[in-house]
Amino acid sequence: MAIRGVAKRYAQAVFDLANESGTHDQWLADLTTLAEVADDRVSREFFTGPNAADESKRRAIDQFLPRPEQELARNLAYMLIQRHRFDVLPDMVEVFRDMLLEARGIAIADVTTAVEMSAEERASVERQLSAMVGKQIELRARVDPELIGGIVARIGDQLIDGSVISRLRDMRAALAR
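Residues numbered from 1 in each chain as written. Predicted model: local features only at pLDDT ≥ 70, side-chain atom pairs only at ≥ 80, totals over all residues. Heavy atoms only, no water.

**As for the overall build of the protein**
So, point 1. Within the protein, the secondary structure is distributed over 8 helices and 4 strands.
So, point 2. Listing the helices and strands of the protein from first to last along the sequence gives α-α-α-α-α-α-β-α-β-β-β-α.
So, point 3. Taken over C-alpha atoms, the radius of gyration comes to 21 Å for the protein, far larger than the 16 Å a tight globule of 177 residues would show.
So, point 4. Taking the principal axes of its C-alpha atoms as reference, the protein extends roughly 65 × 35 × 30 Å.
So, point 5. Out of the 177 residues in the protein, the part that is buried amounts to 36%.
So, point 6. Contacts in the protein between residues at least 24 apart in sequence constitute 65% of all its contacts with a sequence separation of at least 6.
So, point 7. Surface exposure of the protein reaches about 10900 Å², of which carbon and sulfur atoms provide 50%. (Helix = DSSP H or I, 4+ residues; strand = E, 2+ residues; numbered from the N terminus. Rg over C-alpha atoms; globule rule 2.2 N^0.38 Å. Buried < 20%, exposed > 50% of the residue type's maximum accessible area, 1.4 Å probe, protein only. Contact = heavy atoms within 4.5 Å. Areas by Shrake-Rupley, 256 points an atom, 1.4 Å probe, with all protein chains shown as cover.)

**Points about the environment of Gly156**
So, point 1. You can see Gly156 is positioned in the loop between strand 3 (150-155) and strand 4 (158-163).
So, point 2. With a relative accessible area of 60%, Gly156 lands in the exposed category.
So, point 3. Gly156 sits 90 residues away from Pro66 along the chain, and the two C-alpha atoms are 37 Å apart.

**Observations concerning the pairing of strand 2 (residues 136-143)**
So, point 1. Pairing geometry for strand 1 (residues 106-113) and strand 2, over 8 bridges, is parallel. Counterpart to Thr112 in the pairing with strand 2 is Arg142.
So, point 2. This β-α-β element, strand 1 to helix 7 (residues 119-133) to strand 2, shows right-handed connectivity. (Pairing = 2+ DSSP bridges. Right-handed = clockwise from strand over helix to strand, strands pointing away.)

**Considerations on the nonpolar core**
So, point 1. In this structure, Trp27, Leu31, Ile61, Phe86, Leu89, Met92 and Phe96 are the most contacted members of the largest nonpolar core, which totals 33 residues.
So, point 2. Elements supplying a minimum of two residues to this core: helix 1 (2-21), helix 2 (24-39), helix 4 (54-64), helix 5 (71-82) and helix 6 (89-103).
So, point 3. Discounting residues that sit within four places of it in the chain, Ile61 has contacts with Leu34, Phe47, Arg74, Ala77, Tyr78, Ile81 and Phe86.
So, point 4. Ala107, Ala109, Met117 and Ile137 belong to the second largest nonpolar core, which has 10 residues in total. (Core = buried A, V, L, I, M, F, W, Y, C linked by side-chain atoms within 4.5 Å.)

**Details of the packing of helix 2 against helix 6**
So, point 1. With their axes 8 Å apart at the nearest point, helix 2 and helix 6 run at an angle of 155 degrees to one another. Considering their axes alone, helix 2 and helix 6 lie roughly antiparallel with respect to each other. Note on packing geometry: the crossing formed by helix 2 with helix 6 is left-handed. In contact with His24, Asp25, Trp27, Leu28, Leu31, Thr32, Leu34, Ala35, Ala38 and Asp39 of helix 2, helix 6 contributes Leu89, Pro90, Met92, Val93, Phe96, Arg97 and Leu100.
So, point 2. Looking at the contact of helix 2 with helix 6 residue by residue, the class counts come to 12 nonpolar, 2 polar and 3 charged. (Axes fitted to C-alpha atoms, helices over the stretch in contact; angles between N-to-C directions. Parallel < 35°, antiparallel > 145°, perpendicular 65-115°, else oblique. Left-handed = near helix turned anticlockwise from the far one by under 90°. Nonpolar A, V, L, I, M, F, W, Y, C, P; charged D, E, K, R; others polar.)

**What to know about the packing of aromatic side chains**
So, point 1. In total, this model carries 4 aromatic pairs according to the counting rule given.
So, point 2. Counting every residue linked through ring pairs, the aromatic cluster contains Phe46, Phe47, Phe64 and Phe86.
So, point 3. Over the aromatic face of Tyr78 sits the side chain of Arg58, whose NZ or CZ is 3.9 Å from the ring centroid. (Phe/Tyr/Trp six-rings, centres within 6.5 Å; stacked < 30°, edge-to-face > 60°. Lys NZ or Arg CZ within 6 Å of the ring centre and 35° of its normal.)

**Re the pattern of salt bridges**
Here the idea is simple: oppositely charged side chains can pair when their charged atoms come close.
So, point 1. Per the stated rule, a full pass over the model turns up 6 salt bridges.
So, point 2. Beyond isolated ion pairs, a larger network of salt bridges with shared partners links Asp98, Glu138 and Arg140. (Salt bridge = Lys/Arg side-chain N within 4 Å of Asp/Glu carboxyl O.)

**Quick word on the sheet that holds strand 2**
Note on sheets: strands pair through backbone hydrogen bonds, and any given pair is parallel or antiparallel.
So, point 1. Taken in spatial order, the 4 strands line up as 2-1-3-4 in an open sheet, and their pairing is mixed. Looking at which strands have only one partner, the edges of the open sheet turn out to be strand 2 and strand 4. Averaged over all neighbouring strand pairs, the angle between strand axes comes to 20 degrees, with direction disregarded.
So, point 2. Together, strand 3 and strand 4 form the strand contacts of helix 8 (residues 164-176), whose direction differs from that of strand 4 by roughly 85 degrees.

Okay, structure coming up:
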């Protein structure tokens, strides 16, 4: 949880820089590249471990982000290495992406179903949720077999629970009265 808070602070700073320069997409691409590096076990050990000198780590970053327009992203990576925070990059890119979607008027819907949804079902759920909130939706789906059936969707602080397990709990509570 602490890493998420740190990632949020860094993502907010980067988002502010992107707002000033209008480089949201470039930052997203660069952060995604860095997050992929940080997600790789071997790379993560190299960048977060004490065995390699900071100069070696900087040269490696220069290989991942070689273009002149990536200078700010390189500097960010150098700073994260120096502060021993390179491991926050995967969370940071996720927070940055969420901020970008929100700025573009796109709501994030975390949707849980008991089984994997087909492409048609995903599209239908997106359309229905979009109509409910009046925004374009980015659907993030996950599967939880304990739901038995139905769907649970969370958009911001709004929860829509149409799961079978929820209905069974409601029936049990009603019968217990």
